[in-house]
Amino acid sequence: MREHGVDETVILKELEDAAQRNVPYARVLSSMCTTPHPIALKAHREFIVSNLGDPKLFPGTASLEHACIGMLGELLHLPLAAGYITTGGTESNIQALRSARQLKKVDPGKANIVLPESAHYSFDKAAQMLGVTLRRAPLDDELKVDVDAMAGLIDRNTIALVAIAGTTEFGQVDSIPAIGKLALDEDIFFHVDAAFGGFVIPFLKDSSKLKFDFEVPGVMSVAIDPHKMGMSTIPSGGLLYRDERFMKLLEINAQYLTSQVQSSLAGTRSGASAAATYAVMRHLGMDGYRKIVSTCMDNTLLLRDSLLDMGLELALEPVMNIVTTKLPDAEATRKKLCDMGWFVSTTSRPEALRMVVMPHVTRTVVDSFVTDIKKIL
Ligand SMILES: Cc1ncc(COP(=O)(O)O)c(C=O)c1O
């Protein structure tokens, strides 16, 4: 830091320059985040100084967080769910597994978690932090976890099962009712990572075919991210529990704070996320999200059809707004697209080019993306 401060106008210019260097969302088909809804931005700005780590100093903000958990609970078929607004899917996944670790006493170094090969890397972080081993079950031909293989990996030191509703790479949904049954039969805590799919599946036309939330017996916790398809600001995640007791397992004494105890991973945490999430969920309602998801799915199918017309093969028929197409050298194509200013990503098993059709990927964006990809394939 400099000895003497710099004039505000200079700094504002520096900030403007930095913002200009960021990639505009309209060129991004690799991210699961999008431009937040304007009402979320407004609410975020208004609550930027509130700290939910000390909730009794901010009872108004705390009531917004409480209302968010109520709305998320309704969305996930459990209006009285417990939970809190996290910083995103990573924190939600870590915390859910922390509850499982607290719940089942297993000798240190022996605890394991059984999860799909397709699970997000946040589970690797959780495993390192909690000192547990990950046992990864293979996927079937549809890129869903093989439930029999999961069953075969369970032993008496298994503290949790995990399933994914909307895998990061392909957007596939695991067979959650079957895994819920397994969890109940084996009496094991079951966490569903719906960080991406949580704000998509309930709004799909055939949503009732994909059961993934508290409607499924055995599901004990769900991660769902407002800062992905929920149109809220970053950082906004949601962690919901079937029972308050799982959240209580996380309580730590925090005597100097107004609440005396704390369950969240972060200490000081932004109230802006809760305010933004509250505002956008109240404003859009089920109907508003249905329209957003419907447009994303229309654009997803437009992109899928354009790729099929080019003679390309899909890695998976889109279940949600993610298109994956098999290519012999997907990485080379990704780099060429990047040189043209497009951001897409690749997957490894199977090797594919991956495009996430977020709300900023409009019909016009799809058309111009397709025009460019045709030039290089
Ligand atoms: C399925 C899934 N879970 C968890 C995460 C982690 O979310 P975050 O980056 O918000 O921590 C992601 C991120 O893309 C995800 O796709």
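Since the structure is predicted, the reported quantities are computational estimates derived from the model, not experimental observations. (Residues numbered from 1 in each chain as written. Predicted model: local features only at pLDDT ≥ 70, side-chain atom pairs only at ≥ 80, totals over all residues. Heavy atoms only, no water.)

**Q** Mind showing me how you'd approach the overall build of the protein chain here?
**A** Secondary structure assignment for the protein chain yields 11 helices and 13 strands. Relative to the globule expectation of 21 Å for 377 residues, the C-alpha radius of gyration of the protein chain, 21 Å, shows essentially globular dimensions. With respect to the three principal axes, the spread of C-alpha positions in the protein chain is 65 × 60 × 45 Å. Across the 377 residues of the protein chain, 54% fall into the buried class. (Helix = DSSP H or I, 4+ residues; strand = E, 2+ residues; numbered from the N terminus. Rg over C-alpha atoms; globule rule 2.2 N^0.38 Å. Buried < 20%, exposed > 50% of the residue type's maximum accessible area, 1.4 Å probe, protein only.)

**Q** What exactly am I supposed to notice about the sheet that holds strand S11 (residues 322-326) here?
**A** Two strands in a sheet stick together by hydrogen bonds in their backbones, pointing the same way (parallel) or opposite ways (antiparallel). Spatially, four strands are ordered S10-S11-S13-S12 in an open sheet, and the strand pairing comes out antiparallel. Strands at the two margins of the open sheet, each flanked by one partner only, are strand S10 (313-316) and strand S12 (345-347). Each strand axis lies, on average, 40° off the axis of its neighbour in the sheet, ignoring direction. Across five bridges, the pairing between S11 and strand S13 (residues 352-356) is antiparallel. From the neighbouring strand, Val-323 faces S13, where its bridge partner is Met-355. Against the sheet, helix H9 (residues 272-309) contacts S10, S11 and S13, and its axis sits at roughly 15° relative to S11. Sheet strands touched by helix H10 (residues 330-339): S12 and S13. Its angle to S13, the strand with the most contacts, is close to 45°. (Pairing = 2+ DSSP bridges. Axes fitted to C-alpha atoms, helices over the stretch in contact; angles between N-to-C directions. Contact = heavy atoms within 4.5 Å.)

**Q** What's the story with the site of the ligand in this structure? I'm lost.
**A** Close to the ligand lie 13 residues; Thr-90, Thr-168, Asp-193, His-227 and Lys-228 are nearest. At a separation of 3.2 Å, an oxygen atom of the ligand approaches a polar backbone atom of Gly-89. In isolation the ligand has 390 Å² of accessible area, and contact with the protein removes 85% of it. In terms of residue count, the dominant contributor to the shell around the ligand is helix H4 (residues 89-103) (three residues). When the residues that make up the shell around the ligand are grouped by side-chain class, the tally is two nonpolar, eight polar and three charged. (Near = heavy atom within 4 Å. Polar contact = N/O pair within 3.5 Å; in protein donor to acceptor, adjacent residues only side chain to side chain. Areas by Shrake-Rupley, 256 points an atom, 1.4 Å probe, with all protein chains shown as cover. Nonpolar A, V, L, I, M, F, W, Y, C, P; charged D, E, K, R; others polar.)

**Q** What's the story with the domain arrangement of the protein chain in this structure? I'm lost.
**A** One frequently used descriptor of interface size is the decrease in accessible area upon assembly of the parts. When the domains of the protein chain are assigned, the result is domain 1 (8-36 + 286-376) and domain 2 (38-281). Here the C-alpha centre of domain 2 lies 26 Å away from the C-alpha centre of domain 1. Opposite the 29 residues of domain 1 that make contact, domain 2 presents 33 residues. Buried area between domain 1 and domain 2, summed over both chains or domains, comes out near 2,600 Å², and the portion from carbon and sulfur atoms is 72%. (Domains from an automatic or database assignment. Buried area = accessible area lost by both parts, 1.4 Å probe.)

**Q** Would you explain the layout of surface pockets in this entry?
**A** Over the atoms rolls a probe the size of a water molecule, and in doing so it shows where empty space is left. Computed from the structure, the largest pocket encloses a volume of approximately 670 Å³. Around the largest pocket sit 26 residues that line it, and Glu-65, Gly-83, Tyr-84, Met-247 and Arg-269 are the ones nearest its centre. Broken down by secondary-structure element, the contributors of at least two residues to the lining of the largest pocket are helix H3 (59-75), strand S1 (82-86), helix H8 (244-248) and strand S9 (260-262). Per-class residue counts for the lining of the largest pocket are 12 nonpolar, eight polar and six charged. Quantified by volume, the second largest pocket comes out at close to 370 Å³. Forming the boundary of the second largest pocket are 15 residues, of which Glu-117, Ser-118, Ala-119, Glu-169 and Ser-348 lie nearest the centre. When its residues are assigned to classes, the lining of the second largest pocket shows five nonpolar, five polar and five charged. (1 Å grid on protein atoms, 1.4 Å probe; cavity = no way out; pocket = protein on both sides within 12 Å on 5 of 7 lines; lining within 4 Å. Points joined across faces, edges and corners; volume = space filled by probe spheres on them.)

**Q** Looking at this model, I keep getting lost on the nonpolar core. Mind explaining?
**A** A general tendency of soluble globular proteins is for nonpolar side chains to be buried together. Of all hydrophobic cores here, the largest spans 65 residues; its most connected members are Leu-161, Ile-176, Phe-190, Phe-196, Phe-199 and Met-229. For this core, the leading source of residues is H9, giving 10 residues. Excluding its chain neighbours within four sequence positions, the residues that come into contact with Leu-161 are Val-114, Met-150, Ile-154, Ile-179, Leu-182, Ala-183, Ile-188, Phe-189, Phe-190 and His-191. (Core = buried A, V, L, I, M, F, W, Y, C linked by side-chain atoms within 4.5 Å.)

**Q** I keep staring at the sheet that holds strand S2 (residues 112-116) and nothing clicks. Help me out?
**A** The sheet built from seven strands is open, its strands ordered S1-S7-S6-S5-S4-S2-S3 with mixed pairing. Both outer strands of the open sheet, S1 and strand S3 (133-137), are each paired with one neighbouring strand and no more. Within the sheet, the average angular offset between the axes of one strand and its neighbour, ignoring direction, is 20°. With four bridges joining them, strand S6 (residues 221-224) and strand S7 (residues 237-241) adopt antiparallel strand pairing. Each residue of the ladder has a partner; that of Ala-223, found in S7, is Leu-239. With respect to the sheet, H3 is in contact with S1, S6 and S7, its orientation differing from that of S1 by roughly 115°. Its contacts with the sheet put helix H7 (residues 176-186) on strand S4 (158-164) and strand S5 (189-193), and the angle it makes with S4 is roughly 170°.

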